[in-house]
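Each chain, written out:
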2 protein chains.
Amino acid sequence: MVETVSENRAFGGVQGVYSHASEACACDMTFGLFLPEEARDGPVPVLWYLSGLTCTHENAMTKAGAQAWAAEQGIALVFPDTSPRGEGVADDEAYDLGKGAGFYVNAVQEPWAPHYNMWDYVAEELPALIGAEFAVDLERQAITGHSMGGHGALTLGMALPGRFTSVSAFAPIAHPTESDWGRKQLTAYLGDEGWEAHDATLLMRDDGFDGPVLVDQGSGDQFLDLLMPEALSEAMAARRQEGAFRMQKGYDHSYFFISTFMEEHVAFHAEALWAR
Amino acid sequence: MVETVSENRAFGGVQGVYSHASEACACDMTFGLFLPEEARDGPVPVLWYLSGLTCTHENAMTKAGAQAWAAEQGIALVFPDTSPRGEGVADDEAYDLGKGAGFYVNAVQEPWAPHYNMWDYVAEELPALIGAEFAVDLERQAITGHSMGGHGALTLGMALPGRFTSVSAFAPIAHPTESDWGRKQLTAYLGDEGWEAHDATLLMRDDGFDGPVLVDQGSGDQFLDLLMPEALSEAMAARRQEGAFRMQKGYDHSYFFISTFMEEHVAFHAEALWAR
């Protein structure tokens, strides 16, 4: 059912890569899972990390430096892929549509509909699988992500009350219904309906999140116009959302930005996870 | 003289990539340099990181997780390339000879001799350049490396007494004159002479290092037969070398191994650097 692609000892635990036949995406999917040493003795809390455009399960797993802090806190990390994969899966020449750009939605438009169901994959299928196959405690889940993955983390967090103890994001696509990073993909995947459920700013205005939220954004990010952080920041403050929106001076959109603040994000989630 | 390829804000400092015309290698060379926040106020100590076979300046810079700890300790990191580069530079089809496999020697054999002078590059040219162009204190240098780069760190450290406060290595090629990772390259680059100066075990038997040495080796390393850690461990103990050789249970040869123990290596060097 789950095939081991690789397992490397890391920080006293194991960084694994696994593949499986996905029903939601109707293709084989690959994900990374870091289990800390404590997982030998029983299920541990888990932090989801959703990646950005062009990434696979591997980028953050090797470049975000999260395992050091997860090991310190005794929590697991999951690194899902960002889209369905394989020869039979529709794609686009642009880097921001198709493979590597699933946007964490269930597509209803052709040619995307049969495979591009990343919402169901990340919200339902993959949690059930890791809960059944690994020492992961589904009662204690938190979620973070970068860019498109920050969008995914925020929208999943707000759409599934009670699921996650805490939500954070690095430079999220914050207001996709008003941005070229968003309108293009929502049109392609969804047509002209159902956009509101996939816009963190709109969800924040409506309901917010029933726990703490942490957002970091670099002031030197080359994609600020596409990310629209000001919309989310305004919505968080207007909603009186518990948490923080932080503008980090001079940081850009790279993994150097992510790794710099990863320790604080993991500690933020660990506090909420262990309090549940 | 030095061209900026990229600069990313990271951990309060800057992770830069720079290129320059190298005299030693007779080609353009690229290196990574992390400068912590403290470098704004004046020169800081520096830790060299020499990479292994197939790597460029970039692998460790993005995957070893060293910047977090260097920033904490207020020290710089240098990530040199592992060989000369460019169209006019001789190469070999094998991954372990030619480009990406300079072995930190000065080649005297054709076709390698004109460009493959990585010893001079790392021992002389690059230190002079970073000392002149960046806020790096050449009176306080330490050196580490992985695999072929661990070999480079150990041999440079022992061959240049007084240069480095401390030497460490992750899974070094420990006894290349007796291993297929070594005999092949030493033959190609040097012919049948001058091998002793490039074998950490032989140097350790002769003179050792005038400061602390730290070596980490994974017991699950897939290349143990080629690395020959037992030869170096025996030589360290026989010489009464200050320091430690540590066998880390279950770890392999990957960057997951390196990043797991990077915090301890950086702290080890920082203690020696700040004491000088």
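Residues numbered from 1 in each chain as written. Chains lettered and ligands numbered in written order. Predicted model: local features only at pLDDT ≥ 70, side-chain atom pairs only at ≥ 80, totals over all residues. Heavy atoms only, no water.

> Could you give an account of the sheet that holds strand S9 (residues 243-248) of chain A, with specific residues and numbers?
Residues and elements named next belong to chain A. The sheet built from 9 strands is open, its strands ordered S1-S2-S3-S5-S4-S6-S7-S8-S9 with mixed pairing. Every other strand in the sheet has two partners, leaving strand S1 (2-10) and S9 as the edge strands with one partner each. If you compare each strand with its neighbour and ignore which way they point, the axes differ by 20° on average. Pairing between S1 and strand S2 (residues 13-22): 8 bridges, direction antiparallel. When the sheet's bridge partners are listed, Glu7 is paired in S2 with Gly16. Of the strands in this sheet, S1, S2, strand S3 (27-35), strand S4 (44-50), strand S5 (76-79) and strand S6 (136-145) are in contact with helix H3 (residues 118-133), which crosses S2 at around 120°. (Pairing = 2+ DSSP bridges. Helix = DSSP H or I, 4+ residues; strand = E, 2+ residues; numbered from the N terminus. Axes fitted to C-alpha atoms, helices over the stretch in contact; angles between N-to-C directions. Contact = heavy atoms within 4.5 Å.)

> So, the nonpolar core: which residues are in play, and what are the values?
Among the nonpolar cores identified, the biggest contains 188 residues, and A:Phe31, A:Tyr189, B:Phe31 and B:Tyr189 are the most heavily contacted of them. Beyond its immediate chain neighbours, meaning those up to four positions away, B:Tyr189 contacts B:Leu97, B:Gly98, B:Ala101, B:Gly102, B:Phe103, B:Val105, B:Ala107, B:Val108, B:Gln109, B:Trp112 and B:Tyr116. (Core = buried A, V, L, I, M, F, W, Y, C linked by side-chain atoms within 4.5 Å. Buried < 20%, exposed > 50% of the residue type's maximum accessible area, 1.4 Å probe, protein only.)

> If you had to explain the pattern of salt bridges to someone new, which residues and values would you point to?
When charged atoms on two side chains of opposite charge get close, those side chains can pair. Counted under the stated rule, the structure contains 13 salt bridges over all chains. A salt bridge links A:Arg246 to A:Asp216, with the nearest nitrogen and oxygen atoms 2.7 Å apart. Here A:Asp216 lies in strand S8 (residues 213-218) and A:Arg246 lies in strand S9, a separation of 30 residues in the sequence. Since its relative accessible area comes to 0%, A:Asp216 is described here as buried. Put simply, B:Asp137 and B:Arg140 hold a salt bridge, and the shortest N to O gap is 2.8 Å. We classify B:Asp137 as buried; its relative accessible area is 17%. Through salt bridges with shared partners, one network takes in A:Asp216, A:Arg246 and A:Glu264. (Salt bridge = Lys/Arg side-chain N within 4 Å of Asp/Glu carboxyl O.)

> For the environment of A:Val89, give the residues involved together with the corresponding values.
Relative to the assigned elements, A:Val89 resides in the loop between S5 and H3. Residue classification places A:Val89 among the buried residues on the basis of a relative accessible area of 7%.

> Any chance you could break down the sheet that holds strand S4 (residues 44-50) of chain B for me, citing the residues and the numbers?
Taken in spatial order, the 9 strands of this open sheet run S1-S2-S3-S5-S4-S6-S7-S8-S9 (chain B), and their pairing is mixed. Two strands bound the open sheet, and with one partner strand each, they are strand S1 (2-10) and strand S9 (243-248) of chain B. The mean inter-strand angle of the sheet, taken between neighbouring strand axes irrespective of direction, is 20°. Each of S1 and strand S2 (13-22) of chain B touches helix H9 (residues 255-275) of chain A; the most contacted strand, S1(B), lies at about 35° to it.

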